[in-house]
Amino acid sequence: MPLTLEQLNAATPDAFVALLDGTYEHSPWIAERAAALRPFTSLAHLKHALVTVVRAAGEAPQLALIRAHPELAGKAMVSKTLTAESTNEQGKAGLTDCTPAEFAHLQQLNADYNAKFGFPFILAVRGPRGLGLNRHQIIATFERRLHGTREFEFAECLRNIHRIAEIRLGEKFAEVPVQGNLVWDWAEALAAHSEPGYAERGELTVTYLTDAHRACAQQLQAWMTECGFDEVGLDAVGNVVGVYHGSDPAAPRLLTGSHYDTVRNGGKYDGRLGILVPMACVRQLHQAGRRLPFGFEVVGFAEEEGQRYKATFLGSGALIGQFNPAWLDQQDADGVTMRAAMQAAGLPATLEAISALRRDPARYLGFVEVHIEQGPVLDDLDLPLGVVTSINGSARYLGEFTGVASHAGTTPMNRRRDAATATAELALYAEARASADEGSVATVGMLEVPQGSVNVVPARCQFSLDLRAPTNAQRNALVADIKHQSERIAERRRVQLRLEETMVASAAPSAAAWQARWEAAVRAQGLPVFHLPSGAGHDAMKLHEHMPQAMLFLRGGNAGISHNPLESISNDDTELCVRAFAHLLEQLNQEHSA
């Protein structure tokens, strides 16, 4: 029979430890200390309590916990002395069926890792979906993490131990994250669509109105229809829009969603999570035959990343009447205008049709968005969910210094007009200026010397600037200082400067009432409420200009890395995210039914 929270809460301390035996490898002290934290209101509450015990224990017990775990495909596996839990996990990952070459490679990796860090490599081989990583994925992760620092690896081993414990607890309680699995599987299926040149390498790239982008839009529409949305369609800029009517179809709606385009060689969850989670909620409502006293509109925004065209937030901006007519004449790298791309996709490509997308704020209760954090904070804290307090203001620029190309051997240093060193100086200034300002960040993410040569002083250097800060005033000061410094550099180095603003977005503090609803939704899962700002920009910051908004963050694995193929979420965390969203809908249901 599955274990229940009622059993666990009622058990004696010794029985409590016995019931959780095997959750943490050879470490009953964790359960012993967690027993004092009862009663537990949810499985998530229990998991967090166990994590809290380990975090509070200090380095020596934590190191002992890591060392209590066996090496992957190590001596214990060969001698068949693994615990039943470890035997099951390593077997499901195929480690018991390694080829001689794979086994020898793993043995060498184990030896190298132990020699470098002083403890065994720990990986939750059941993976983020719980079905098991394959040997190739395990070895690739092993090789990557071997290059980490001891501090990072110590923390990463503990995080993987908690993931192992989470999966084991799920089996003890016979609790399957059905909605989390659904969303995870949707994200995996959507990632099958990628652009040529990337798809062949197994990389994910979906930019505005490419064939891959259009295939994603079609897939989202098909899933929305299957989920039970009453209206599903593609609007004039390529947004996928699904509407689930309330008990009164004329009632105001709650608006939600995120973007389905990606950066080049990006991850599977950035943006897309915010479309798939509310889809799962609509699916549950439809299956239960329920209507809410308000409408529910989910939008998969067609463009947020600004990759193919310089039109960041095109999808969400269109909903608030912000579409720059000049964008239609922009050309991509292949010379295709946005207007032509729209027409090829079957979109009207007229300002009249696009202007008609503007939403009337009076018809909406507000906008909410769930998103992966895209940072390391929640992962560091071992917290699945975080409540966003505000979205940082940002500004982006494309720039170019132009000097004079000259012979690298014959041009004296004091006679050069070097565009590349001017850019390097500006990049270092931007780094120092942002570092001196609490919460600000500055990034030169693109840097290119066109037609550069090893023996030629660079005549041109093109670069990008991404500047962000918690408030508009702080951002504006950062922008002003960096602009001023760029002009001084150009004058002193005798080069010309061109700086083009491509995007500016205001800081977007969360609406108090909507933030409070997210807080209540997190507490309802048995988790503590943790607040954090968003350093990344999101569609919510555009909708913020027309209606109240608030966001919920989901922890990302691999130290929260994003815009990267290593971007990761777990099915269990995603289950909590769906439940939190469903709870927010129930709060609104109660408020509007009173």
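Residues numbered from 1 in each chain as written. Predicted model: local features only at pLDDT ≥ 70, side-chain atom pairs only at ≥ 80, totals over all residues. Heavy atoms only, no water.

### Observations concerning the overall build of the chain
In plain terms, the rule: Working definition: helices are DSSP H or I runs of at least four residues, strands are E runs of at least two. Numbering for both runs from the N terminus. For the radius of gyration, the atom set is restricted to C-alpha positions; the globular benchmark scales as 2.2 Å times the number of residues to the power 0.38. With a 1.4 Å probe rolled over the protein chains alone, any residue whose accessible area is under 20% of its type maximum counts as buried; one over 50% counts as exposed, and the rest are partly exposed. Two residues qualify as a contact provided that any one of their heavy atoms is within 4.5 Å of a heavy atom in the partner residue. Areas reported here follow the Shrake-Rupley algorithm with a probe of radius 1.4 Å; residue values treat only the protein chains shown as occluding.
Along the backbone of the chain there are 23 helices and 16 strands. Radius of gyration (C-alpha) of the chain: 26 Å, near the 25 Å computed for a compact globule of 594 residues. Dimensions of the chain, computed from the C-alpha atoms along their principal axes, are close to 75 × 70 × 45 Å. Classification of the 594 residues of the chain by burial places 55% in the buried group. The contacts of the chain with a sequence gap of at least 6 include a subset with a gap of at least 24, amounting to 78%. Here the chain displays about 24500 Å² of accessible surface, and carbon together with sulfur accounts for 53% of that area.

### A closer look at the pattern of salt bridges
As a reminder of what qualifies: We count a salt bridge whenever a side-chain nitrogen from Lys or Arg sits within 4 Å of a carboxyl oxygen from Asp or Glu.
Applying the stated criterion to the full structure yields 38 salt bridges. Residues Arg126 and Glu171 are paired through a salt bridge, measuring 3.0 Å at the closest nitrogen-oxygen approach. On the criterion of sequence distance, the pair formed by Arg126 in the loop between helix H8 (100–117) and helix H9 (135–145) and Glu171 in helix H10 (residues 150–172) is long-range, its members being 45 residues apart. Owing to a relative accessible area of 7%, Arg126 belongs among the buried residues under this scheme. Three or more residues are tied together by salt bridges with common partners; here these are Lys310, Glu400, Arg460, Arg498 and Glu500.

### Re the environment of Glu102
As a reminder, the rule being used: Identification of polar contacts relies on pairs of N or O atoms within 3.5 Å, with a donor-acceptor requirement for protein atoms, meaning one able to donate a hydrogen and the other able to accept it, and with residues adjacent in sequence counted only if both atoms are side-chain atoms.
Turning to its location among the elements, Glu102 is positioned in helix H8. Here Glu102 falls in the partly exposed class, since its relative accessible area comes to 22%. Only 2.7 Å separates the side chain of Glu102 from the side chain of Arg135, close enough to count as a polar contact.

### Points about the pairing of strand S12 (residues 460–469)
Rule in force here: Between any two strands, at least two bridges found by DSSP are needed for them to pair.
Across the 10 residues that make up S12, a large majority, eight, are buried. As defined by bridge partners, strand S7 (residues 393–402) adjoins S12 across 10 bridges and the pair is classed as antiparallel. Its bridge partner lying in S12, Phe401 is registered against Cys461. Looking at chain direction, strand S9 (residues 441–443) and S12 are connected through three bridges and run antiparallel.

### A word on the nonpolar core
Rules: In this description, a nonpolar core means a group of buried Ala, Val, Leu, Ile, Met, Phe, Trp, Tyr and Cys residues linked to one another through side-chain atoms lying within 4.5 Å.
Met279, Met342 and Trp518 are the most contacted members of the largest nonpolar core, which has 79 residues in total. Broken down by element, this core gets its largest block of residues, nine residues, from helix H13 (residues 273–288). Each residue touching Met342, except ones within four places of it in the same chain, is listed here: Tyr208, Leu209, Ala236, Val237, Phe323, Leu328, Leu347, Ala349 and Ile354. Residues Leu20, Leu65, Tyr113 and Leu169 belong to the second largest nonpolar core, which totals 52 residues.

### Side note on the environment of Ala420
As for its placement among the helices and strands, Ala420 is situated in helix H18 (residues 419–435). Taking the C-alpha atoms as reference points, Ala420 and Glu448, separated by 28 residues in sequence, lie 8.5 Å from one another. Ignoring any residue separated from it by four or fewer positions in sequence, one finds Ala420 in contact with Val449, Pro458 and Cys461.

### As for the side chain of Thr411
Looking at the element boundaries, Thr411 is found in the loop between strand S8 (406–407) and H18. Looking at Thr411, its side chain comes within polar contact range of the side chain of Ser406, at 3.1 Å. Excluding its chain neighbours within four sequence positions, the residues that come into contact with Thr411 are Ser406 and Arg416.

### Observations concerning the packing of aromatic side chains
The condition that has to hold: Classification of ring pairs uses Phe, Tyr and Trp, with its six-membered ring standing for Trp, and accepts pairs whose centres are within 6.5 Å; under 30 degrees between planes counts as stacked, over 60 as edge-to-face, and the remaining range as tilted. Charge-over-ring placement is defined geometrically: NZ (Lys) or CZ (Arg) within 6 Å of the ring centre, and within 35 degrees of the ring normal.
A complete count under the given rule lists 14 aromatic pairs for this structure. For the pair Tyr113 and Phe119, a centre-to-centre distance of 6.0 Å together with 70 degrees between the ring planes defines the contact as edge-to-face. What makes Tyr113 buried here is its relative accessible area of 0%. Members of the aromatic cluster, connected to one another through ring pairs, are Tyr113, Phe117, Phe119, Phe121, Phe142 and Phe154. In this structure, Arg201 is placed above the aromatic ring of Tyr198, and the distance from its NZ or CZ to the ring centre is 5.4 Å.

### Here's the deal with the packing of helix H12 (residues 211–227) against H13
Using the following cut-off: For helices, the axis comes from a line fit to the C-alpha atoms of the stretch in contact; other axes are also lines fit to C-alpha atoms, and the angle between any two N-to-C directions lies between 0 and 180 degrees. Roughly parallel means an angle under 35 degrees; roughly antiparallel, over 145; roughly perpendicular, 65 to 115; everything else is oblique. Under the scheme applied here, ten amino acids are nonpolar (Ala, Val, Leu, Ile, Met, Phe, Trp, Tyr, Cys and Pro), four are charged (Asp, Glu, Lys and Arg), and all others, including Gly, are polar.
Across the interface, H12 lies against H13 with an axial gap of 8 Å and an inter-helix angle of 25 degrees. Regarding the angle of H12 to H13, the classification is roughly parallel. On the side of H12, the interface is formed by Leu220, Trp223, Met224 and Cys227, while H13 contributes Ile275, Leu276, Met279, Val282, Arg283 and His286. Taken together, the residues that form the contact of H12 with H13 break down as eight nonpolar, one polar and one charged.

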